[in-house]
Amino acid sequence: MSVATIDSSAARKAMIDSQLRVSGVNDEWVLSAMGSVAREDFVPAAARGHAYIDRAVPLDNGHALPAPLVHGRMLSEAAPRANDHVLVVTSGSDYLAALVRTVAASVTVVPAGEVAQGFGGDYSLVLIDGAIEHLPSQIEQSLGEGGRIVTGLVERGVTRLATGRKVGGAVSLLAIADMGIPVLPEFAAPKSWSF
């Protein structure tokens, strides 16, 4: 076993014990997934040494990988099941997709910048790896009736973890916790004119 493997294994354990468990993320499958998926493999080489800090990690594309607690809370709220067909909208890192792959039947990954191009699907769960000001119609349409969504939501400049469900063909989001979640500029609210 290499020194790097020992160090990252210890860092993952510290992340679980000092960031997730103390903040109420105690779902065994979430802790197992986050303890086994090497977060450092999903950040730029220069950021590997601090992949497990309790802050967002900048990516090379101008986006950021959310802090571990954000992913832990997202997965706890999402509660993916073995029969779920999941859409993960990424910020440029496939870390969240790798975590949910440990449970779900299938996982489709779409970068945030490609959502406007459209894609098919009848997903039972959508995870958006960042905070949005509005939910694009392409994502709303891809979610099957009764399907769940977990995302970051920007409300009056504050980012919050939000969950929702598609009922009667429409998706409603409910903010459940204030959290520092990197904003995805691709999902800024359309500009409107006002007095």
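All values derive from a computational prediction rather than experimental measurement.

Rules used in this analysis
Each chain carries its own residue numbering, running from 1 in the written order of its sequence. In view of the model being predicted, local features appear only for residues whose pLDDT reaches at least 70, and side-chain atom pairs are presented and counted only at 80 or more, with totals across whole chains, interfaces and linings using the full set of residues. Calculated side-chain values reflect all of the structure's heavy atoms, with hydrogen atoms and water omitted. Any residue under 20% of the maximum accessible area for its type is buried, any over 50% is exposed, and the rest in between are partly exposed; the area is computed with a 1.4 Å probe on protein chains only. Where helices and strands are cited, they refer to DSSP runs of H or I of at least four residues and of E of at least two residues respectively, numbered from the N terminus. Arc definition: directions from the helix axis to the C-beta atoms. In these notes, a set of buried Ala, Val, Leu, Ile, Met, Phe, Trp, Tyr and Cys residues joined through side-chain atoms within 4.5 Å is what counts as a nonpolar core. Residues count as neighbours in contact if any of their non-hydrogen atoms are within 4.5 Å of one another. Salt bridge criterion: a side-chain nitrogen from Lys or Arg within 4 Å of a carboxyl oxygen from Asp or Glu. The predictor attaches a confidence to each residue, and that confidence, scored 0 to 100, is pLDDT. Note on aromatic pairs: the rings of Phe, Tyr and Trp (six-membered ring only in Trp) are paired at centre separations within 6.5 Å, and the planes decide the class, stacked below 30 degrees, edge-to-face beyond 60, tilted for the rest. Only when the NZ atom of a Lys or the CZ atom of an Arg is both within 6 Å of the ring centre and within 35 degrees of the ring normal do we say a charge sits over the ring. N or O atoms closer than or at 3.5 Å make up a polar contact, with two conditions inside protein: a donor-capable atom paired with an acceptor-capable one, and, for residues adjacent in sequence, both atoms drawn from side chains. A fitted line through C-alpha atoms represents every axis, and for helices the fit uses only the stretch in contact; the resulting angles, taken between N-to-C directions, go from 0 to 180 degrees. Note on angle classes: values under 35 degrees are labelled roughly parallel, values over 145 roughly antiparallel, values of 65 to 115 roughly perpendicular, and the remainder oblique. Crossings are sorted by hand: turned counterclockwise from the far helix by less than a right angle, the near helix makes the crossing left-handed, and turned clockwise it makes it right-handed. Classification used: nonpolar for Ala, Val, Leu, Ile, Met, Phe, Trp, Tyr, Cys and Pro, charged for Asp, Glu, Lys and Arg, polar for all others including Gly.

> Where do I start with helix α2 (residues 28–36) in this structure?
Each full turn of the α-helix corresponds to 3.6 residues, which orients residues three or four apart in the same direction. Of all the residues in α2, the buried ones are Val30, Leu31, Ala33 and Met34. An end-on view of α2 places all buried positions within 165° of arc, on one side of the element. α2 presents Glu28 and Ser36 as exposed residues on the side facing more than 90 degrees away from its buried surface.

> Even after reading the chapter, I still don't get the nonpolar core, so can you show me in this structure?
One broad trend across soluble globular proteins is that nonpolar side chains are buried collectively. Counting 41 residues, the largest nonpolar core has Val86, Val88, Val100 and Leu127 as its most contacted members. Breaking this core down by element, the ones donating at least two residues are α1 (3–20), α2, α3 (68–78), β3 (85–90), α4 (95–101), β5 (123–132) and β6 (143–155). Of all the elements, α4 adds the most residues to this core, at 6 residues. Non-local contacts of valine 86, meaning those with residues more than four positions away in its chain, are made with Val100, Ala104, Ser106, Val107, Thr108, Tyr123, Leu125 and Leu127. With 18 residues, the next largest nonpolar core counts Val110, Ala112, Val126 and Val171 among its residues.

> Is there a simple way to think about the pattern of salt bridges in this case?
Where charged atoms of side chains with opposite charge meet at close range, the side chains can pair. Scanning the entire structure with this criterion turns up 9 salt bridges. Across the pair glutamate 77 and arginine 73 runs a salt bridge, and its minimum N-O distance is 3.9 Å. Placement of both glutamate 77 and arginine 73 in helix α3 is noted, with a separation of 4 residues, approximately one turn of the helix. A salt bridge links arginine 148 to aspartate 84, with the nearest nitrogen and oxygen atoms 2.8 Å apart. In this pair, arginine 148 is assigned in strand β6 and aspartate 84 in the loop between α3 and β3, connecting sequence segments 64 residues apart. Taken together, the shared-partner salt bridges in this structure form one network comprising Lys13, Asp17 and Arg21.

> What is the right way to look at unusual backbone geometry in this model?
Among all residues except glycine, the phi angle is most often negative; among peptide bonds, the trans geometry is most common. In this model, alanine 79 sits at a positive phi of 45°, which is unusual for a non-glycine residue. Relative to the helices and strands, alanine 79 resides in the loop between α3 and β3. Residue arginine 156 is not a glycine yet carries a positive backbone phi of 50°. Looking at where arginine 156 falls in the secondary structure, it is placed in the loop between β6 and β7 (158–167).

> In this structure, what is going on with the confidence of the model for the chain? I would like to understand it.
In regions of low pLDDT, the predicted coordinates are not meant to be interpreted in detail. Of the residues in the chain, 94% reach a pLDDT of 70 or more, and the chain-wide mean stands at 91. Scored below 50 in pLDDT, residues 1–6 shows 1 contact in the model against residues more than four places distant or in partner chains.

> I tried to follow the packing of aromatic side chains on my own but got confused; where do I start?
Two numbers describe a pair of aromatic rings. These are the distance of the centres and the angle of the planes. Counted according to the given criterion, the structure contains 1 aromatic pair. Above the face of the tyrosine 95 ring, arginine 39 is positioned so that its terminal group lies 5.2 Å from the ring centre.

> Would you mind going over the side chain of arginine 148 with me for this structure?
When its relative accessible area of 9% is taken as the criterion, arginine 148 is described as buried. Separated by 3.1 Å, the side chain of arginine 148 and the backbone oxygen of alanine 78 make a polar contact. Of note is the side chain of arginine 148, whose polar atom sits 3.4 Å from the backbone oxygen of alanine 79. When neighbours within four sequence positions are excluded, arginine 148 is seen to be in contact with Ala78, Ala79, Pro80, Arg81, Asp84, Ser124, Leu125, Val126, Leu143, Gly164 and Arg165.

> Can you walk me through the packing of α2 against α3 in this structure?
Between α2 and α3, whose axes approach to 9 Å, the crossing angle comes to 140°. The orientation of α2 relative to α3 falls into the category oblique. Viewed along their axes, α2 and α3 form a crossing whose handedness is right-handed. Residues Trp29, Val30 and Met34 of α2 form the contact with α3, whose own contacting residues are Pro68, His71, Gly72, Leu75 and Ser76. When its residues are assigned to classes, the contact of α2 with α3 shows 5 nonpolar, 3 polar and no charged.

> I keep staring at the environment of lysine 13 and nothing clicks. Help me out?
Position of lysine 13 relative to the elements: it lies in helix α1. Distance in space between the C-alpha atoms of lysine 13 and glycine 120 is 38 Å, their sequence separation being 107 residues. Within the structure, lysine 13 has its side chain in polar contact with the side chain of aspartate 17 (distance 2.6 Å).

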